[in-house]
Amino acid sequence: MSPSRSSSVRSTSLRARLVAVLTGVTAVGALLAAGMTSAHAADTPLRDLAAAKGKIIGTAVTGSKLTGTYGDIAGAQFNSLTPGNAMKWGSVEPTQGTFNWTEADQIVAFAQAHNQQVRGHTLAWHNQNPSWLTNGSWTSAQLSSLLQNHIGTEVGRYRGKIAAWDVVNEPFNEDGTYRSTLWYNGLGVDYIASALTWARAADPAAKLYINDYNVEGVNAKSTALYNLVKSLKERGVPIDGVGLQAHLILGQVPSTLQQNIQRFADLGVDVAITELDIRMALPADSTKLAQQAADYKSVTAACVAVTRCVNLTVWGFTDSDSWVPGTFSGYGAATPYDENYAPKPAYYGIAEALGGTTTTPPPTTGGCTATYSVVSQWDAGFTGQVKIACSGASLSSWKVGWTYGAGQQISQAWNATCTQSGAAVSCANASYNEAVADGGSVTFGFNASWSGSNPVPTVTLR
Ligand code: 9MR
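All of these numbers come straight from a predicted model, not from anything done at the bench.

Parameters at a glance
- Numbering of residues begins from 1 in every chain and follows the order in which that chain's sequence is written.
- Reporting of local features is limited, given that this is a predicted model, to residues whose pLDDT is at least 70; pairs of side-chain atoms are given and counted only at 80 or more, and all residues count toward the totals for whole chains, interfaces and linings.
- Only hydrogens and water are removed before side-chain values are computed, so all heavy atoms of the structure are retained for them.
- Counting from the N terminus, the helices are DSSP H or I runs at least four residues long and the strands are E runs at least two residues long.
- Three labels apply to residues, based on accessible area from a 1.4 Å probe with only protein chains included: buried if under 20% of the type maximum, exposed if over 50%, partly exposed otherwise in between.
- Contacts are assigned to residue pairs with any non-hydrogen atoms lying within 4.5 Å of each other.
- Residue exposure ignores everything except the shown protein chains as possible cover, and the areas themselves are Shrake-Rupley values with a 1.4 Å probe.
- To qualify as a nonpolar core, a set must consist of buried Ala, Val, Leu, Ile, Met, Phe, Trp, Tyr and Cys residues joined through side-chain atoms within 4.5 Å.
- When DSSP locates at least two bridges between a pair of strands, those strands are taken to pair.
- All axes here are fitted lines through C-alpha atoms, helices being fitted over the stretch that makes contact, and every angle between N-to-C directions spans 0 to 180 degrees.
- In what follows, roughly perpendicular refers to angles from 65 to 115 degrees, roughly parallel to angles under 35, roughly antiparallel to angles over 145, and oblique to any angle outside these ranges.
- Helix crossings are classified by the rotation of the near helix relative to the far one: an anticlockwise turn of less than a right angle makes the crossing left-handed, while a clockwise turn makes it right-handed.
- Note on terminology: pairs of cysteine sulfur atoms within 2.5 Å are recorded as disulfides.
- Salt-bridge detection follows one rule: a side-chain nitrogen of Lys or Arg within 4 Å of a carboxyl oxygen of Asp or Glu.
- We call a residue near a molecule or strand whenever a single non-hydrogen atom of that residue lies within 4 Å of it.
- For this analysis, a polar contact is any N or O atom pair within 3.5 Å, provided that within protein one partner can donate a hydrogen and the other can accept it, and provided that sequence-adjacent residues contribute only side-chain to side-chain pairs.
- We call Asp, Glu, Lys and Arg charged. Ala, Val, Leu, Ile, Met, Phe, Trp, Tyr, Cys and Pro are nonpolar, and the rest, Gly among them, are polar.

1. Here's the deal with the overall build of the protein chain
The helix and strand tally for the protein chain stands at 15 helices and 18 strands. Scored against the burial criterion, the 462 residues of the protein chain give a buried share of 53%. Restricting to contacts in the protein chain with at least 6 residues of sequence separation, those with at least 24 account for 76%. Split by element, the accessible area of the protein chain, about 17,900 Å² in all, is 51% carbon and sulfur.

As structure tokens, then:
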């Protein structure tokens, strides 16, 4: 990896860029540029940047989507996959004794084909259990053997293929007391030790984790988790790591995140950021996306700073495959890629924290093309995108232009700075996506209005 640029070089070039951006272009570009503090390379995949830091970077995935662009990005950018839903009890045993491993198997096969780890998720949880289990009335002994069999069956099936299991998920309330669940109520707190012990027996090589949310900073809940892990270790119960889910809100990365990771590391367990996403009130705008980039960067940096923080996984890499909008009304845009698979500023925030630096290929436009497309269109508006792709050539910066033939008017752009004067549109790279490598591409998007017709213009790359 190339060394980082010095901070004086960095701030000079940032200032130069800001001046350039602030003179005569839209606020969108200025704010995007202000949110990014150094240059970026979209050409080094996150998994390579992470590996150079001794880290694993993962994403939650949906098995059926692992083809086309979704599959390409999942395979190229990440070296760990977590099935978002496919390994949950309700997915694998919808009817007692009848198993469906299709999606879980597919994800494991994809991971093996792409030299990726798999985080198994999850074995003992209170959600997404099959109704035959939750509606049944069981004695403690029956519950215990159900859980033991479940763990033995699932962990055993994937023995040797799973790097880490979220054995126990979300055992705590916010105040640090134990959550009232099927398992806690039926088996007492030792369901946790039992589940870990059964998982170890079924796959001695898998790292065994307890995973929870709102335990990223130092607080009552994370302290309860800390005390649990400490006592499990003292008792000799197999526990290898804690998962900090990190379903965060824009601008609210806990200030004690690194300190919290460190205290678990000091206890002698690994730490993983297991489900990172950072949601914002919709619609997204350049200010929010810049803040989100800073937030992703600081979470990643906290993990990079602690040797035992081994894995950072995002809970879906694209806004088109995120649980957030369906759960938090009015919120979304929580992942590092937009719904059209274009990397957002957040992507570059992660890359920067992993040591990504600028590459400056020789400037040439030969072999580079700009392709305009309408992504979606409604009554009076549409979302368009332009992809600049190079093959046998590269760009150190770029600018594209076109002329609208039917009165279309751009209102907002992202991942580029766009101006429109009459019918003439001109868009230039943002500060973080100036380079297009040989074999690489950059995409930017925009919203615009139309009426009557919306013909596709001819785009010129300058
Ligand atoms: O991403 C999962 C989503 O598709 C499910 O509908 C949801 C149901 O609870 O679970 C989501 O994943 C959760 C994960 O398994 C545990 N931590 C919280 C995640 C977000 O809800």
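2. Some details on the nonpolar core
For soluble globular proteins, nonpolar side chains are generally found buried alongside one another. Counting residues in each nonpolar core, the largest one holds 90 residues, and the members touching the most others are Ile273 and Leu276. Tallying contributions element by element places helix α10 (residues 191-202) first for this core, with eight residues. Discounting chain neighbours no more than four positions away, the residues touching isoleucine 273 are Leu244, Gln245, Ala246, Ile261, Val299, Cys303, Cys309, Asn311, Leu312 and Thr313.

3. Remarks on the sheet that holds strand β17 (residues 441-449)
In space, the four strands of this open sheet follow the order β11-β12-β17-β14, with antiparallel pairing throughout. Looking at which strands have only one partner, the edges of the open sheet turn out to be β11 (368-377) and β14 (409-414). Geometrically, the sheet is characterised by an average inter-axis angle of 25° between neighbouring strands, direction not taken into account. Across nine bridges, the pairing between strand β12 (residues 381-390) and β17 is antiparallel. By the bridge assignment, glycine 381 is partnered in β17 with serine 449.

4. What about the packing of helix α13 (residues 286-305) against helix α15 (residues 345-353)?
Where α13 meets α15, the closest approach of the two axes is 7 Å, and the angle between their N-to-C directions is 25°. Compared by their axis directions, α13 and α15 come out roughly parallel. Seen along the crossing, α13 lies across α15 with a hand that is right-handed. Across the interface between the two elements, Leu289, Gln292, Ala293, Tyr296, Lys297, Thr300, Ala301 and Val304 from α13 touch Pro345, Ala346, Gly349, Ile350, Glu352 and Ala353 from α15.

5. Looking at the sheet that holds strand β13 (residues 399-403)
Pairing is antiparallel in the open sheet, where four strands are placed in the order β15-β16-β13-β18. Looking along the sheet, the strands with just one partner apiece sit at the ends: β15 (416-421) and β18 (460-461). For β13 and β18, the ladder comprises two bridges, and the chain directions are antiparallel. Paired with valine 400 across the strands is leucine 461, a residue of β18.

6. Details of the environment of serine 329
The topology assignment puts serine 329 in the loop between α14 (324-327) and β10 (331-332). What makes serine 329 exposed here is its relative accessible area of 69%.

7. Description of the state of the cysteines
Linking two cysteines covalently via their sulfur atoms produces the bond known as a disulfide. In the structure shown here, the tally under the stated rule is three disulfides. What pairs with cysteine 303 in a disulfide is cysteine 309, and their sulfur atoms sit 2.1 Å apart. Its torsion about the S-S bond being -100°, the disulfide of cysteine 303 and cysteine 309 is classed as left-handed. The same class applies to cysteine 303 as to cysteine 309, namely buried. The disulfide that involves cysteine 418 links it to cysteine 427, with 2.1 Å between the sulfurs. Between cysteine 418 and cysteine 427 the sulfur-sulfur dihedral comes to about 115°; the bridge is accordingly right-handed. Of the two residues, cysteine 418 and cysteine 427, neither departs from the other in class, the shared state being buried. In the protein chain, the bonded cysteines, taken in the order they occur along the sequence, pair up as 1-2, 3-4, 5-6.

8. Here's the deal with the pattern of salt bridges
Under the counting rule described, the total for this entry stands at eleven salt bridges. Of the charged contacts in the structure, one is a salt bridge between aspartate 105 and arginine 157, with a shortest N-O distance of 2.6 Å. Placement of aspartate 105 in helix α6 (residues 102-113) and of arginine 157 in helix α8 (residues 140-157) is noted, with a sequence separation of 52 residues between them. With its nearest N and O atoms 3.5 Å apart, the salt bridge here joins lysine 221 to aspartate 212. Look at the salt bridges and you will find they share partners, linking Glu174, Asp212 and Lys221 into a network.

9. Observations regarding the pairing of β12
Of all ten residues that make up β12, eight are buried, and the element is covered over most of its length. Here nine bridges tie β11 to β12, and the two strands are oriented antiparallel to one another. Among the inter-strand pairings, glutamine 377 is bridged to a residue of β12, identified as phenylalanine 382. Hairpin connection from β11 to β12: three residues lie between these consecutive antiparallel strands.

10. A few points about the site of the ligand
Taken together, Asn85, Lys88, His121, Trp125, Gln128, Asn169, Glu170, Gln245, His247, Glu275, Trp315 and Trp323 make up the full set of residues adjacent to the ligand. At 2.6 Å, a side-chain N or O of lysine 88 approaches an oxygen atom of the ligand. Glutamine 245 places a polar side-chain atom, nitrogen or oxygen, 3.0 Å from a nitrogen atom of the ligand. Computed on the free molecule, the ligand has an accessible area of 450 Å², of which 74% lies beneath the protein chains in the complex. Classifying every residue of the shell around the ligand gives three nonpolar, six polar and three charged.

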